[in-house]
Amino acid sequence: MALVSVKDLHKSFGDLEVLKGIDLEIESGEVVAVIGRSGSGKSTFLRCLNQLEQHDWGTIHLADQRLDGTAMSPGELSQNVGIVFQSFNLFPHKTVVENVMLAPLVVKQTPRAEARKIAEEVLDKVGMLEKIDAYPAQLSGGQQQRVAIARALAMDPKVLLCDEVTSALDPELVGEVLLVLESLAKEGMTLILVTHEMKFARDVSHRVVFMHQGRIHESGDPQTLFTQPKTPELAQFIASVL
Amino acid sequence: MTLDFSTLLPYSGVIIEGLVTTLWLTVVTTFAGIALAIVVAYVRDLESGIMSRLLGGYVEVVRNTPFIVQLFFLFFGLPALGIPISAPVAALVAMVLNLGAYTAEILRAGIDSTARGQHEAARALGLSRLQSYRHVVLVPAFSRVYPSLISQCIIVMLGSAVVSQISVFDLTYAANFIQSRNFRGFEVYLVVTLIYLLLAVGMRRSFELVGRRLFAFRQGGSA
């Protein structure tokens with residue numbers, strides 16, 4: 001059965017209906033890229049998946065457990081769904097390792113020595129072990145984003161959401177972050193990425209979802225989707241970004 | 001007129017006693033007042049309901065009435081209500097309440113300027129509101145308002161001179177005491193003024209030293 005199962009998801013901000021019924025099933029280990037114009041609802045959709053936004057209608061299941069509403073406490077939720085933001089959002093007053101250890105220590109009540117070990121493991125995975133005692137202000141954007149990925153991974157989530165994680169980076173720093181995501185994908189991590197990196201979506205993802213006006217307009221495997229778009233909207237979108 | 005500081009020598013013990021009182025009042029007030037502000041700012045900013053409104057009332061009363069009246073109210077008013085209170089305790093409570101109210105407002109300014117992304121990151125990691133306040137919001141908020149915080153603590157230290165009015169033996173009380181005996185007002189108040197000045201400068205220096213350690217994350221130096 002699907003790891004993530006979204007049914008008839010609706011979300012409005014005031015009078016503006018941003019999500020008009022999203023249905024999506026994602027298998028464990030799948031890498032799904034969500035693409036679309038700004039305002040198509042893709043970030044809102046992603047943020048509903050870990051309840052940073054509460055949707056108005058519909059259900060979200062993780063494995064066979066209901067995730068939305070009050071079904072899961074924030075603590076439980078954070079151990080199931082991790083998120084990486086466009087603007088990193090590292091805690092500026094904490095060192096790299098403290099950033100990564102915070103949630104395991106505070107939310108999971110992991111013993112300090114063990115939390116440290118977990119932190120070192122995930123920081124090694126993103127290639128940031130050497131900067132373990134640096135403060136975020138001392139790091140480049142790409143390095144900060146890799147730490148943010150490690151911070152999310154430290155909670156051992158089943159799904160990792162990535163909300164335009166390379167959009168705030170200088171072009172020369174995009175590569176190092178994508179490389180980390182690619183290695184996560186290879187390890188079998190379930191990834192849902194909202195992205196403007198079409199090349200990455202095409203090369204790394206298993207499935208691409210094109211959102212348009214609050215709906216999933218078209219989806220499929222990246223090769224077919226990018227080379228033979230079925231709808232004029234997607235064709236137009238691809239032409240405008242490639 | 002000739003200045004004769006030797007007339008103060010017999011009273012050096014009195015000055016030291018007053019200085020010690022001013023010092024301990026200031027130190028205890030600084031710690032307790034900031035602690036109080038941390039609680040008040042949290043409840044006012046992040047909770048709603050009756051507690052938040054009660055504390056809002058407390059902050060407004062303190063900020064909109066004279067300190068000396070607050071002090072008199074505690075010292076003369078509470079015993080009238082059947083709650084006995086000694087002068088030093090009344091002084092300490094008045095000072096803590098005063099610093100707590102002002103600092104809570106200063107701190108709230110720092111809390112309010114927390115980036116939304118910080119709250120979201122904390123929430124996504126599963127931190128509760130209190131955990132997020134304690135581990136994510138508080139230290140950067142303090143770092144943003146630290147200069148105002150230092151000034152406020154110094155203001156309260158200087159304002160502690162008023163507690164001499166309820167016969168707390170502080171530095172100002174010592175000065176009044178000496179002046180009323182040797183009639184060397186100029187010498188006494190000159191010395192005491194210098195001591196207050198040194199205290200204020202010393203406080204600022206200490207705060208800055210602590211701040212540099214506490215908020216080291218703001219400097220982008222080597223790690």
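Residues numbered from 1 in each chain as written. Chains lettered and ligands numbered in written order. Predicted model: local features only at pLDDT ≥ 70, side-chain atom pairs only at ≥ 80, totals over all residues. Heavy atoms only, no water.

Per an unreviewed UniProt entry, chain B goes by Amino acid ABC transporter membrane protein 1, PAAT family and derives from Onishia taeanensis. Under the heading Sequence similarities (unreviewed entry), UniProt records this for chain B: "Belongs to the binding-protein-dependent transport system permease family. HisMQ subfamily." (UniProt positions renumbered as here; feature names shortened; annotations may be inferred.)

Chain A goes by Amino acid ABC transporter ATP-binding protein, PAAT family in an unreviewed UniProt entry, where it is assigned to Onishia taeanensis. Recorded in UniProt under Sequence similarities (unreviewed entry), the annotation for chain A is "Belongs to the ABC transporter superfamily." The Subcellular location (unreviewed entry) comment attached to chain A in UniProt states, word for word, "Cell inner membrane".

Visitor: Explain the overall build of chain B to me, please; I cannot follow it from the model alone.
Guide: Counting secondary structure elements, chain B contains 8 helices and 0 strands. Each helix (α) and strand (β) of chain B, taken in turn from the N terminus, gives the series α-α-α-α-α-α-α-α. Taken over the C-alpha atoms alone, chain B extends approximately 70 × 55 × 25 Å along its principal axes. For chain B, buried positions account for 47% of its 223 residues. Restricting to contacts in chain B with at least 6 residues of sequence separation, those with at least 24 account for 78%. Carbon and sulfur atoms make up 68% of the accessible area of chain B, which amounts to about 11,300 Å² in all. Of the charged side chains in chain B, 16 are positive and 11 negative, and the gap between their average positions amounts to 8 Å. (Helix = DSSP H or I, 4+ residues; strand = E, 2+ residues; numbered from the N terminus. Buried < 20%, exposed > 50% of the residue type's maximum accessible area, 1.4 Å probe, protein only. Contact = heavy atoms within 4.5 Å. Areas by Shrake-Rupley, 256 points an atom, 1.4 Å probe, with all protein chains shown as cover. Lys, Arg positive; Asp, Glu negative; His and termini not counted. Charge placed at Lys NZ, Arg CZ, Asp CG, Glu CD.)

Visitor: Would you explain the environment of Val208 of chain A in this entry?
Guide: Residue and element names in this part refer to chain A. Mapped onto the secondary structure, Val208 falls in strand β9 (residues 207–212). Note on Val208: relative accessible area 0%, which makes it buried. In sequence terms Val208 and Pro111 are 97 residues apart; their C-alpha atoms lie 40 Å from each other. Not counting residues up to four positions away in its chain, the partners in contact with Val208 are Ala33, Ile35, Ala201, Glu218, Ser219, Gly220, Pro222, Leu225 and Phe226.

Visitor: Just to check I follow, could you spell out the interface of chain A and chain B for this structure?
Guide: The interface of chain A with chain B comprises 28 residues on the first partner and 23 residues on the second. Of the roughly 2,000 Å² buried between chain A and chain B on both sides combined, carbon and sulfur atoms contribute 64%. For the pair chain A and chain B, the interface holds 1 salt bridge. Linking Glu120 of chain B and Arg47 of chain A is a salt bridge whose minimum nitrogen-to-oxygen distance equals 2.6 Å. The interface formed by chain A and chain B includes 8 residue pairs in polar contact (both at pLDDT 80 or more). (Buried area = accessible area lost by both parts, 1.4 Å probe. Salt bridge = Lys/Arg side-chain N within 4 Å of Asp/Glu carboxyl O. Polar contact = N/O pair within 3.5 Å; in protein donor to acceptor, adjacent residues only side chain to side chain.)

Visitor: Where do I start with the UniProt feature "domain: ABC transporter" (unreviewed entry) in chain A in this structure?
Guide: The sites that UniProt annotates as "domain: ABC transporter" (unreviewed entry) are residues 4–238 of chain A. Within the segment residues 4–238 of chain A, helix and strand shares are 37% and 26% respectively, and the terminal C-alpha atoms sit 27 Å apart.

Visitor: How should the side chain of His93 of chain A be read in this particular structure?
Guide: As for its placement among the helices and strands, His93 of chain A is situated in the loop between β6 (81–84) and α3 (96–106). Classification of His93 of chain A by relative accessible area gives buried; the value is 9%. Looking at His93 of chain A, its side chain comes within polar contact range of the main-chain oxygen of His135 of chain B, at 2.8 Å.

Visitor: Which parts of the structure should I look at to understand the nonpolar core?
Guide: Soluble globular proteins: nonpolar side chains tend toward being buried together. In terms of nonpolar packing, the biggest core is built from 62 residues, with Leu107, Tyr133 and Ile166 of chain B touching the most fellow members. Beyond its immediate sequence surroundings of up to four residues, Leu107 of chain B is in contact with Ala37, Ile38, Ala41, Tyr133, Leu138, Ala141, Phe142 and Val145 of chain B. (Core = buried A, V, L, I, M, F, W, Y, C linked by side-chain atoms within 4.5 Å.)

Visitor: Is there a simple way to think about the UniProt feature "transmembrane region" (unreviewed entry) in chain B in this case?
Guide: Residue and element names in this part refer to chain B. In the numbering used here, UniProt assigns the feature "transmembrane region" (unreviewed entry) to residues 20–43, 71–97, 149–174 and 186–203. Strand forms 0% of residues 149–174 and helix 58%; the C-alpha atoms that close the span are 28 Å apart. Between the end C-alpha atoms of residues 186–203 there is a gap of 25 Å, over a span that is 100% helix and 0% strand.

Visitor: Would you take a moment to explain the UniProt feature "domain: ABC transmembrane type-1" (unreviewed entry) in chain B for this structure?
Guide: Following the UniProt record, the feature "domain: ABC transmembrane type-1" (unreviewed entry) maps to residues 19–207 of chain B here. Strand forms 0% of residues 19–207 of chain B and helix 83%; the C-alpha atoms that close the span are 20 Å apart.

Visitor: For this particular structure, what's the right way to read the pairing of β9 of chain A?
Guide: Side-chain positions along a regular strand alternate between the two faces of the sheet. Residues and elements named next belong to chain A. Most of β9 is tucked away: 6 of the 6 residues are buried. Side chains of β9 alternate between two faces, with Arg207, Val209 and Met211 and Val208, Phe210 and His212 buried alike. The pairing of strand β3 (residues 31–35) with β9 spans 4 bridges and is parallel. When the sheet's bridge partners are listed, Ile35 is paired in β9 with Phe210. When β9 meets strand β10 (residues 215–220), the two strands line up antiparallel, connected through 5 bridges. Within the sheet, the bridge partner assigned to Met211 lies in β10 and is Ile216. Between the antiparallel neighbours β9 and β10 lie 2 residues, among them Gln213 with a positive phi of about 50°. (Pairing = 2+ DSSP bridges.)

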